[in-house]
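Overview (structure and organization)
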Amino acid sequence: TLNMLGLAKRVKARMLLTSTSEVYGDPEVHPQKETYWGNVNPIGPRACYDEGKRVAETMMYAYESQLDMEVRVARIFNTFGPRMHPNDGRVVSNFIIQALQGKDITIYGTGAQTRSFQYVDDLVEGLIRLMNGNYSQPVNLGNPDEYTVKDFANLILEITQ
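A few points on the structure.

The rules we used
- Residues numbered from 1 in each chain as written.
- Predicted model: local features only at pLDDT ≥ 70, side-chain atom pairs only at ≥ 80, totals over all residues.
- Heavy atoms only, no water.
- Helix = DSSP H or I, 4+ residues; strand = E, 2+ residues; numbered from the N terminus.
- Buried < 20%, exposed > 50% of the residue type's maximum accessible area, 1.4 Å probe, protein only.
- Contact = heavy atoms within 4.5 Å.
- Axes fitted to C-alpha atoms, helices over the stretch in contact; angles between N-to-C directions.
- Parallel < 35°, antiparallel > 145°, perpendicular 65-115°, else oblique.
- Left-handed = near helix turned anticlockwise from the far one by under 90°.
- Nonpolar A, V, L, I, M, F, W, Y, C, P; charged D, E, K, R; others polar.

1. Considering the side chain of Gln118
- Here Gln118 lies in strand E5 (residues 118–119).
- Classification of Gln118 by relative accessible area gives buried; the value is 5%.
- Setting aside its immediate chain neighbours within four residues, Gln118 contacts Ile76, Phe77, Asn78, Thr79, Phe80, Leu123, Leu141, Gly142 and Asn143.

Next up, the structure:
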């Protein structure tokens, strides 16, 4: 991020950071608004990823305020679509692969936790609109509808039978 910020500054380019909903950590608010600061464990098992994205966002806005750069931050939620790698570790691909192989779907916890899912074409449209617009604060890019992980697993099973 730092190298790209330096390049963007040098060539006077608007820079996009593709951040993540993980900056919210284990949120206590559903759905999360961009103004929510999150509930992050800085020493938890995923802390390096969460905190790394938070630091990247901080650097973006430091460059914006101190060096008068144009920056955009997209906080991307679960995305699915063609050409997903079957072993990428994401819930969508994991569930589909397990269902197609006739295996039990692995659900961590009770399955009551919620997720939102967006199609990749919608994400691309959101990124283009963000880059072409004049809004420079973080923007959540996802689907406002949330589903429990258990309901999503059942939907995958239903579709793949």
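After presenting the structure, the write-up continues.
2. Comments concerning the packing of helix H1 (residues 2–11) against helix H2 (residues 47–67)
- In contact at an axis separation of 10 Å, H1 and H2 are set at 25 degrees when each is read in the N-to-C sense. The angle between H1 and H2 falls in the class roughly parallel. Here H1 runs over H2; the crossing is right-handed. Here Leu2, Leu5, Gly6 and Lys9 of H1 come into contact with H2, specifically with Met59, Met60, Tyr63 and Leu67.
- Per-class residue counts for the contact of H1 with H2 are six nonpolar, one polar and one charged.

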